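Below are the chains, spelled out letter by letter.
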Amino acid sequence: MAEAHAPLLSLRGLTRRFGGLTAVDGIDLDLAKGGLVSIIGPNGAGKTTLFNLVTGLDRPDAGTVSFEGHDITGLSPERLAAQGIARTFQLGRVFGNLSVMDNVLIGAHTRLRAVKPAVPVIGPLLELGLALLRPSSVRDEEERLREEVKAILARFGERLLPRIDQPAYSLSYANRRRVEIARALALKPRLLLLDEPTAGMNPSETAEMQALVAELKAEGLTILLIEHKLEMVMRLSDRVIVMDEGKKIAEGPGEAVRNDPKVIEAYLGHGLSGTSEQESAA
Amino acid sequence: MSSWLDYTINGLIVGNVYALVAVGLALIFGVSRLINFAQGSIYLVGAYIGWVAVVQLHTPLPLTIIFVAVVAALVGVIIERFGLRPLQNSVRIAPLLATIGISFVLDQLVMLTFSPNPRALPSQLPDVRFQVGGGTIGPLDLLIAGVGISSALLLFVFLRYSKLGWAVRAASQDRDAAMQMGVDVNRVNQAVFGIAAALGGVSGLLVGMYYNQIDTAMSLQATLKGVVAEVVGGAGNVPGAVVGSLLLGLVESYGVAVFGTSYRNLFAFLLLVVVLVLRPNGLFASARQAPPEPLTGTFIAPSRPVRIPRWALAVAVAAFAILPLLPVSFYILQTLINAWLLGMLALSLTLVAGTIGQVSLGHAALLAIGAYTSALLSLTLSVPVGLAIVAGGLMSAALGTILISPSFRLRGHYVSIATLAIGEIVSLVILNWESVTRGPIGISGIPPLSLFGYDLISPNSVYWFSFAVMVVLALLQARLLGSHLGRSFRAIRDDDIAARAYGLSLNRYKSLAFIFGGFAAGVSGGIAAHLYSYINHETFNTQQSILALTVVILGGLGNVVGAIVGAVALVGLPEVFRIAAEYRILIYGIVLLLLVRFRPQGLLGTI
């Protein structure tokens, strides 16, 4: 596996079944460092389940996930976060009662060092003690992270900075999505998974988000994107993967995929071919 | 009654009784994803209604059963209509707290109406026993089995063949879809609560007759047993609840056969903890399923906490500190000492239930651990009292965290069940571990409070000591909330999935919250032990856990100042208004219900 140009993320035969339904069915995927691959497909195609498998929120029934050549299949989400994998959620899962600042600081949790010494067994107790005593090293770290959060929030213009101390539940839907992305960026991710970052956004907000994702890509961030807005997908992606009923039905550059008859069929419905049995089972 | 067959029959009969409670719980969980903590209270009501019917109205047995079923069903319908329906669109913690409050109000109403003394509930059946193989069986056993089996059949027919039954099944499979298809979910809920209550009430009647005794302590026991059976069978799974109940009955019966009667409940709760840890979705669920609680939605009521300026807090602390120097009565000081002790417990619970969202119903167990540790250390090893109290706090922190750790993977209602059971286990261990805890006799002659060799006996010194300890604990907790741990705890409470995705280990942070909270509760228990000079396994009971929970909700979940304000209010106001002791718990229950309904964020707001 340890080739010179091994992909950053590599999925092989990834499968997840729920009862009789195979939500993710033998998916292979390679994502090179600095690349941006988009996953598209109709609702219920298994895209979010795939994200859950990659980020450890769910375990595959078969197949492997490797990250930087190491097998990370079935590792806990905590450990994957510590390895630099960050994600946003389709429905927007901000911490409603936390301020914008605290939400994004949680994103930086895996980068806490001074207050979280890597000592076995008594590590948690030291963390409690340091949190209460707050020596200068801990205060400095906190201060540094707060400055960093402000810098991240500044990427969203005046959307979030003026609301930095407001609880997240009071934000608009679009702003909550932005907070989620800010939180993911605070992790300093090596791999970023974005689950429909523009869902529920109007055209100008979508354009803003698209510009931000393009900027992140230009900075060298590796991104796996789930998105329904094909315009954005075509512009940003190095490669597009189309999923339907858990399977990969097409893969390639945006334009090629767009004109693939299988893809058109998946989006327009299954009435054209003999898959109606599967449909009724689902 | 020594043969294994007898124990098997007994286990199955008791299991049948549990099944009547558990099936009701399963029906309610199926439709509203709610564990009804008031189910045991309906069972209690059923037993006392039965007593009225049998002893005062002299009704024949069939009429008694029907009478109990109808009255209990009515109580169930009222609970649903006025207690839970108004909360349908509120935060997830609200219905959980409401059923706890309803349970307390019902229990207290029964206690006030009938007095807490046990009563005899004579069986209306002839006292004969038939030989069956190597064991014996009586007519009451047959009646219980008959009622159990026929209710199961009736329920099956209802769910399978009646239109309302279909609606119940549809609503429990997919509530939203059922609503869109025109199912009246309110009517379904009402029917389910009515049926569950009728079954629960009849169960109470039968148990009363079986043991020929009813008392108000039955309620909590029934809730616990029913919940254990239901969770073992898989929450919301009606046939599973029946099997879980029979299994629980057998486990208890065999446990009693081997170890003796006082271990009965210990086996029930150990079974629960084992199932929750190994198979949180029950024995009959497939190995991996979607989590039992919804993934989205806010757990606690969002609010903007009331900000109290620092100088105002400093003034308040100073005012309370100089209070003993003013001409105030001993009575007021005594009341405030109680408030400070409760305040420490509330600080602990507001961190655990409020800040990190683990609604503990067994918090009094932490008091007990601290109290016993401190009392025993000072008595048997002559450890100085000040040091012993600190040791009590540390022991509570350590032992409490270890005991609660199996529940760290659980959410919402399940945490409450697990903590309730763990609280009961602690109390049962204290009762049974006689060589250390002196069992039911309790510990007497505990030395009074002292610090650096000086006894603190005068009311003033006790007041200052407890106040100072509480203020220090509160300051520490405020500092904790201001650190990265404060936001980490709150993030886990708001959305544990997202928290994990950002590297927050639930085990690590729930442990830290329980360690910190356990220390405060243990210190409170330690101080109490030296003040009371006598403690036993009942000194720190579920009522205190519920009182602390009410304090925490009153002050605002997670709110440090709120916990203390709430403690002073709930200890002080009944004194001010001279409310008789027996009405106080009723009032706490009503306060809890009103808060959940009208001000879920508490007085000072959740943090």
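From a predicted model like this one, the values you see are computed outputs, not experimental measurements. (Residues numbered from 1 in each chain as written. Chains lettered and ligands numbered in written order. Predicted model: local features only at pLDDT ≥ 70, side-chain atom pairs only at ≥ 80, totals over all residues.)

Enquirer: Please explain the overall build of chain B as it appears in this structure.
Expert: Helix and strand counts for chain B stand at 24 helices and four strands. What you see for chain B is a C-alpha radius of gyration of 24 Å, in line with the 25 Å of a compact globule of 607 residues. Once the C-alpha set of chain B is aligned to its principal axes, its extents read approximately 70 × 55 × 45 Å. Within chain B, buried positions represent 56% of all 607 residues. Put simply, 79% of the contacts in chain B that link residues at least 6 apart link residues at least 24 apart. (Helix = DSSP H or I, 4+ residues; strand = E, 2+ residues; numbered from the N terminus. Rg over C-alpha atoms; globule rule 2.2 N^0.38 Å. Buried ≥ 20, exposed ≤ 12 C-beta atoms within 10 Å, placed from the backbone. Contact = placed C-beta atoms within 7 Å.)

Enquirer: Can you help me understand the interface of chain A and chain B in this one?
Expert: The figure often quoted for interface size is the accessible area lost as the parts come together. Taken together, the contacts link 32 residues of chain A with 29 residues of chain B. Among the elements of the structure, α2 (77-82), α3 (100-107) and α4 (123-133) of chain A are those that each provide at least two residues to the side of chain A that touches chain B. Taken together, the residues that form the side of chain A that touches chain B break down as 19 nonpolar, six polar and seven charged. (Nonpolar A, V, L, I, M, F, W, Y, C, P; charged D, E, K, R; others polar.)

Enquirer: Help me understand the sheet that holds strand β2 (residues 21-31) of chain A in this model?
Expert: Sheet strands line up and pair through hydrogen bonds in the backbone, either parallel or antiparallel. Residues and elements named next belong to chain A. Pairing is antiparallel across the open sheet formed by four strands, whose spatial order is β2-β1-β4-β5. One side of each edge strand has no neighbouring strand; the edge strands of this open sheet are β2 and β5 (70-71). As paired elements, strand β4 (residues 62-67) and β5 share two bridges and run antiparallel to each other. Looking at the pairing, Phe67 lines up with His70 of β5. In the packing of helix α1 (residues 47-54) onto the sheet, the strands contacted are β1 (9-18), β2 and β4, and the crossing angle to β2 comes to about 65°. (Pairing = 2+ DSSP bridges. Axes fitted to C-alpha atoms, helices over the stretch in contact; angles between N-to-C directions.)

Enquirer: Can you help me understand the environment of Pro167 of chain A in this one?
Expert: Turning to its location among the elements, Pro167 of chain A is positioned in the loop between α5 (136-154) and α6 (173-186). Using a count of 20 C-beta atoms within 10 Å as the deciding quantity, one classes Pro167 of chain A as buried. When the C-alpha atoms of Pro167 of chain A and Ser136 of chain A are compared, they prove to be 28 Å apart, with 31 residues separating the residues in sequence. Every residue in contact with Pro167 of chain A, bar those within four places of it in the chain, is listed here: Gly96, Asn97, Leu98 and Ser99 of chain A together with Pro302 of chain B.

Enquirer: Got a minute to help me understand the sheet that holds strand β7 (residues 191-195) of chain A in this structure?
Expert: All names here are of chain A. Spatially, the six strands line up as an open sheet ordered β6-β7-β8-β3-β9-β10, and their pairing is mixed. The sheet terminates laterally at β6 (85-87) and β10 (247-252), the two strands that pair on one side only. The mean inter-strand angle of the sheet, taken between neighbouring strand axes irrespective of direction, is 15°. When strand β3 (residues 36-40) meets strand β8 (residues 222-226), the two strands line up parallel, connected through four bridges. Each bridged residue has a counterpart across the sheet, and for Ser38 the counterpart in β8 is Leu225.

Enquirer: I tried to follow the domain arrangement of chain B on my own but got confused; where do I start?
Expert: Residue and element names in this part refer to chain B. Parsing chain B into structural domains produces domain 1 (21-115 + 137-238) and domain 2 (328-540). A separation of 34 Å is found between the C-alpha centroids of domain 1 and domain 2. Domain 1 puts seven residues into the contact, and the matching count from domain 2 is eight residues. Broken down by secondary-structure element, the contributors of at least two residues to the side of domain 1 that touches domain 2 are α4 (93-114) and α9 (218-233). For the side of domain 1 that touches domain 2, the residue count by class is six nonpolar, no polar and one charged. (Domains from an automatic or database assignment.)

Enquirer: I keep staring at the environment of Ile214 of chain B and nothing clicks. Help me out?
Expert: Residues and elements named next belong to chain B. Mapped onto the fold, Ile214 is located in the loop between α8 (185-211) and α9. Residue Ile214 is classed as buried on the basis of its 24 C-beta neighbours within 10 Å. A sequence separation of 10 residues divides Ile214 from Gly204, and the C-alpha atoms of the two residues are 8.7 Å apart. Non-local contacts of Ile214, meaning those with residues more than four positions away in its chain, are made with Ala47, Tyr48, Trp51, Pro118, Arg119, Leu121 and Gly208.

Enquirer: Would you explain the nonpolar core in this entry?
Expert: All names here are of chain B. Core analysis: the largest hydrophobic core is formed by 284 residues, its most contacted members being Ala72 and Met344. With 16 residues, helix α1 (residues 4-32) is the single largest residue contributor to this core. Two domains each donate at least three residues to this core, and these are domain 1 (21-115 + 137-238) and domain 2 (328-540). Those residues in contact with Ala72, other than ones at most four positions away along the chain, are Ile42, Val45, Gly46, Ile49, Ala197, Ala198, Gly200 and Gly201. (Core = buried A, V, L, I, M, F, W, Y, C linked by C-beta atoms within 7 Å.)

Enquirer: Can you walk me through helix α24 (residues 581-598) of chain B in this structure?
Expert: For an α-helix, the turn length of 3.6 residues means that residues three or four places apart are oriented alike. All names here are of chain B. In this model α24 runs 26 Å from its N-terminal to its C-terminal C-alpha over 18 residues, within 8% of the 26 Å that 1.5 Å per residue would give. Turning to α24, its buried residues are Tyr588, Gly589, Leu592, Leu593, Leu595 and Val596. The arc that holds the buried residues of α24, viewed along the axis, is 165°, so those residues lie on one side. Among the exposed residues of α24, those oriented more than 90 degrees off its buried face are Glu582, Leu594 and Phe598. (Expected span 1.5 Å × (residues − 1). Arc of directions from axis to C-beta.)

Enquirer: Help me out: how do you make sense of the environment of Pro440 of chain B in this one?
Expert: All names here are of chain B. Relative to the elements of secondary structure, Pro440 occurs in the loop between α17 (434-437) and β3 (450-451). Looking at Pro440, the number of C-beta atoms within 10 Å reads 13, which means it is partly exposed. The residues contacting Pro440, other than those within four sequence positions of it, are Leu431, Asn536 and His537.

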